[in-house]
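# Structural features, examined
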Amino acid sequence: MDQRAVWVLAREDDAYRLYLRARGWRLNCFAQPEALRAALPPVAARQLAARMRPVAFILLADTATNCRLAQLIRGLVPGALLVALARTHSSHEMTALLRVGVHWVLRYGDAPTLLAATVRALLVQRGALKVRADQIDGWALADLGWSLRHRDSTGIRLSVSERALLLCLFEAPGHLASHARIAESVAQAWRDVPGRNPRTPRMRSVVHGLRKRMASHGLPELPIEPLHNFGYIWAVA
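This report concerns the structure included in the present document. Since this is a predicted model, take the numbers as computed values, not measurements. Throughout this document, residue positions are counted from 1 along each chain, in the order its sequence is written. Where local features are concerned, this predicted model is filtered to residues with pLDDT of at least 70; where side-chain atom pairs are given and counted, the filter is 80 or more; whole-chain, interface and lining totals use all residues. Computation of side-chain values covers all heavy atoms of the structure but excludes hydrogens and water.

### Comments concerning the overall build of the chain
Each helix is a run of H or I in the DSSP string that is no shorter than four residues. Each strand is a run of E no shorter than two, and both are numbered from the N terminus. Each helix and strand counted, the chain has eight helices and 12 strands in total. Counting only contacts in the chain whose residues sit at least 6 apart along the sequence, the fraction spanning at least 24 positions is 56%. What makes two residues a contact is simply this: any of their non-hydrogen atoms within 4.5 Å.

Structure representation (structure tokens):
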């Protein structure tokens, strides 16, 4: 992923900015709105030269500043992808950001992994990031998705529910999937098993069981994280 295509407005000590840096993202960072405004015309010129390759902007200032900058960016940088922070859970703030063209509203307190997954998903959907549906950062699904392997280690065989969960996360843009999407994937997987009664297992139990089996095989910790009131994410750099 060319993470230089990601621009961030945030304080130097902002937790989201620090998280992305710690995960190895190469960001164009600005601490002040004025500095970002001054940098926008050259960005627009490069966009035209690069045939409109999408650029993502993460706006982590107050809502009013984020709204003004989102409008400016949309006017200067066609095709820009916008993620902005709402400092409160007020529906008024979220609506204001969506009205000026923000593609995803990050609510204060949302997990940094959710922000990373959202930006990746937007870039995948716009064609700025190419991913393989069977591989993520050294992890791979083999044998038609029935085996999970890490780099050169021996793989472990997956159950019907485990396979459905991992296929869902591997294939989802940003490797982020809702509870509803995962439940649909698992239900369909059990319908496709001949001679077996469909099951609707709890995903928490599926993930816990998979973690235990991976540990017993000496594999690294499974990078799946729950997102409160949303679903699960495969946490990647």
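### Looking at helix 8 (residues 203-216)
An expected span of 1.5 Å times one less than the residue number is assigned to each helix. The terminal C-alpha atoms of helix 8 lie 20 Å apart, and with 14 residues this matches the ideal 20 Å at 1.5 Å per residue to within 8%. Burial classes follow relative accessibility: with a 1.4 Å probe on protein chains only, a residue under 20% of its type's maximum area counts as buried, one over 50% as exposed, and anything between as partly exposed. What helix 8 keeps buried is the set Met-203, Val-206, Val-207, Leu-210 and Met-214. Summarising the axial view, the buried residues of helix 8 lie within an arc of 95°, below the 170-degree limit, and thus occupy one face. Facing away from the buried side of helix 8 by more than 90 degrees, the exposed set consists of Arg-204, Lys-212, Ala-215 and Ser-216. At the exit of helix 8 stands Gly-218, carrying a positive phi of roughly 75°. The directions considered for the arc run from the helix axis to the C-beta atoms.

### Overview of the packing of aromatic side chains
Only Phe, Tyr and Trp rings take part, Trp by its six-membered ring, and two of them pair if their centres are within 6.5 Å. Stacked means planes under 30 degrees apart, edge-to-face means over 60, and tilted covers everything else. According to the stated counting rule, one finds four aromatic pairs in the structure shown. Where Trp-7 meets Phe-30, the ring centres are 5.4 Å apart and the plane angle is 10°; that geometry is what we call stacked. One end of the pair, Trp-7, is in strand 1 (residues 6-9); the other, Phe-30, is in strand 2 (residues 28-30), and 23 residues separate them in sequence. Residue classification places Trp-7 among the buried residues on the basis of a relative accessible area of 9%. Between the aromatic rings of Trp-7 and Phe-57, the centroid separation amounts to 6.1 Å while the plane-to-plane angle is 35°, which identifies the pairing as tilted. Taken together, the positions of Trp-7 in strand 1 and Phe-57 in strand 3 (residues 56-59) put the pair 50 residues apart, joining distant regions of the chain. What links up through ring pairs into an aromatic cluster is the set Trp-7, Phe-30 and Phe-57.

### Some remarks on the sheet that holds strand 5 (residues 104-107)
For two strands to be treated as a pair, DSSP must find at least two bridges joining them. Here five strands make up an open sheet; going across it, the order is 2-1-3-4-5 and the pairing parallel. Strand pairing shows two members of the sheet lacking a second neighbour, strand 2 and strand 5, which therefore form its edges. Pairwise comparison of adjacent strand axes, ignoring direction, gives a mean angle of 15° for this sheet. With four bridges joining them, strand 4 (residues 81-86) and strand 5 adopt parallel strand pairing. Bridge pairing in strand 5 links Ala-86 to Arg-107. Axis definition: a line fit to C-alpha positions, over the contact stretch in the case of helices; interaxial angles, taken between N-to-C directions, run 0 to 180 degrees. With respect to the sheet, helix 1 (residues 15-22) is in contact with strand 2, strand 3 and strand 5, its orientation differing from that of strand 2 by roughly 160°. Contacting strand 1, strand 3 and strand 4, helix 3 (residues 63-76) crosses the sheet at an angle of about 170° to strand 4.

### Some remarks on the pattern of salt bridges
Salt bridge, as used here: a side-chain nitrogen of Lys or Arg that lies within 4 Å of a carboxyl oxygen of Asp or Glu. Under the definition given, this model contains six salt bridges. Note that Glu-162 is salt-bridged to Arg-213, the shortest N-O span being 2.5 Å. One end of the pair, Glu-162, is in helix 6 (residues 160-171); the other, Arg-213, is in helix 8, with 51 residues separating them in the sequence. With relative accessibility at 6%, the residue Glu-162 sits in the buried group. Connected through salt bridges with shared partners, the residues Asp-143, Arg-149 and Arg-157 form a single ionic network.

### As for the environment of Cys-67
Checked against the element boundaries, Cys-67 lands in helix 3. Beyond its immediate stretch of four places on either side in the chain, Cys-67 contacts Ala-96, Leu-97 and Val-100.

### Quick notes on the packing of helix 3 against helix 4 (residues 91-99)
Helix packing for two helices is described by the angle between their axes and how far apart those axes are. Remark: helix 3 packs on helix 4, axes separated minimally by 9 Å, with the N-to-C direction vectors making an angle of 15°. When the axis of helix 3 is compared with that of helix 4, the two are roughly parallel. Handedness of the crossing formed by helix 3 with helix 4: left-handed. Touching Thr-63, Asn-66 and Cys-67 of helix 3 are Glu-93, Ala-96 and Leu-97, all from helix 4. Of the residues contributing to the contact of helix 3 with helix 4, the split by class is three nonpolar, two polar and one charged. Roughly parallel means an angle under 35 degrees; roughly antiparallel, over 145; roughly perpendicular, 65 to 115; everything else is oblique. Note on convention: the crossing is left-handed when the near helix lies turned anticlockwise from the far helix by less than a right angle, right-handed when the turn is clockwise. Residues are grouped as follows: Ala, Val, Leu, Ile, Met, Phe, Trp, Tyr, Cys and Pro are nonpolar; Asp, Glu, Lys and Arg are charged; all remaining types, including Gly, are polar.

Distances and angles like these do not, on their own, reveal function.
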